[in-house]
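# Architecture at a glance
Here are the chains, one letter per residue:
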Amino acid sequence: QVQVVESGGGSVQAGGSLRLSCATSGPTVSTARMAWFRQAPGKGRELVASIRGGSTYVIDAVEGRVTNARDDATIFYLQMNSLKPEDTAIYYCAAMKVGVTNQYTYWGQGTQVTVSS
């Protein structure tokens, strides 16, 4: 059974930090590629960061404030510093299925991040 489980969300004031974790399990989960997405109220889901093998990527809006990396082979984290109110969103972890390289098949339930000014 495939599981993708996020944790670590919460409420902080602007300038604060949060560390989100994503634990993946299951025989068909490709741990080589995964990503973090977020969805703010009234907006569509957007990519925040991704990891592919040893390479990582973050969007311009969080560049310099967010680090996306692995804790081990199946656990990923998103370290967010200097948080801004516009970072408020539900954050989702997504992973690909083994053999599939063009879409994220497995999604977590989401974790709420709220940043107050």
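These figures come from a predicted structure and were not determined experimentally. (Residues numbered from 1 in each chain as written. Predicted model: local features only at pLDDT ≥ 70, side-chain atom pairs only at ≥ 80, totals over all residues. Heavy atoms only, no water.)

One pair of aromatic rings is described through two measures. These are the centre distance and the angle between the planes. Tallied over the entire structure, the rule returns two aromatic pairs. When the centroid spacing of 5.6 Å and the interplanar angle of 75° are considered together, the rings of Phe 37 and Tyr 104 count as edge-to-face. A residue pair is termed long-range when its members are at least 10 positions apart, and Phe 37 in strand 4 (residues 29–39) and Tyr 104 in the loop between strand 9 (89–97) and strand 10 (106–107) qualify at 67 residues. The class of Phe 37 is buried, set by a relative accessible area of 13%. With a centroid separation of 4.9 Å and 50° between ring planes, the pair formed by Phe 37 and Trp 107 is classed as tilted. (Phe/Tyr/Trp six-rings, centres within 6.5 Å; stacked < 30°, edge-to-face > 60°. Helix = DSSP H or I, 4+ residues; strand = E, 2+ residues; numbered from the N terminus. Buried < 20%, exposed > 50% of the residue type's maximum accessible area, 1.4 Å probe, protein only.)

To continue, consider the sheet that holds strand 1 (residues 3–7). As a general point, the strands of a sheet are linked pairwise by backbone hydrogen bonds and lie either parallel or antiparallel. Reading across the sheet, the four strands line up as 1-3-8-7 and stay open at both edges, with antiparallel pairing between neighbours. Edge strands, defined here as strands with exactly one partner in the open sheet, are strand 1 and strand 7 (66–70). Sheet twist, expressed as the mean angle between neighbouring strand axes with direction ignored, is 15°. (Pairing = 2+ DSSP bridges. Axes fitted to C-alpha atoms, helices over the stretch in contact; angles between N-to-C directions.)

Tallied over the full model, the rule gives four salt bridges. The partner of Glu 46 in a salt bridge is Arg 38, and the shortest N-O contact between them spans 2.7 Å. Among the charged side chains, a salt-bridge network with shared partners connects Arg 38, Glu 46, Arg 65 and Asp 87. (Salt bridge = Lys/Arg side-chain N within 4 Å of Asp/Glu carboxyl O.)

Here we come to the nonpolar core. Leu 20, Trp 36, Val 48, Leu 78, Met 80, Tyr 91 and Val 113 are the most contacted members of the largest nonpolar core, which totals 27 residues. Going through the elements one at a time, strand 3 (18–25), strand 4, strand 5 (45–52), strand 8 (75–80), strand 9 and strand 11 (111–116) are the ones with two or more residues in this core. With four residues, the single largest contributor to this core is strand 9. Residue contacts for Met 80: discarding those within four places in its chain leaves Gly 16, Ser 17, Leu 18, Leu 20, Arg 65, Val 66, Tyr 91 and Val 113. (Core = buried A, V, L, I, M, F, W, Y, C linked by side-chain atoms within 4.5 Å. Contact = heavy atoms within 4.5 Å.)

This part takes up the side chain of Gln 79. Here Gln 79 shows up in strand 8. Judged by relative accessible area, which is 19%, Gln 79 ranks as buried. Within the structure, the side chain of Gln 79 is placed 2.9 Å from the side chain of Asn 81, a separation counted as a polar contact. Ignoring sequence-local partners within four residues, the contact set of Gln 79 consists of Ser 17, Leu 18, Arg 19, Arg 65, Val 66 and Thr 67. (Polar contact = N/O pair within 3.5 Å; in protein donor to acceptor, adjacent residues only side chain to side chain.)

Further remarks concern the environment of Gln 109. The topology assignment puts Gln 109 in the loop between strand 10 and strand 11. Residues Gln 109 and Glu 86, 23 residues apart in the sequence, show an inter-C-alpha distance of 21 Å. Beyond its immediate stretch of four places on either side in the chain, Gln 109 contacts Val 4, Val 5, Glu 6 and Tyr 92.

Don't take any of this as a statement about function, it's just geometry.
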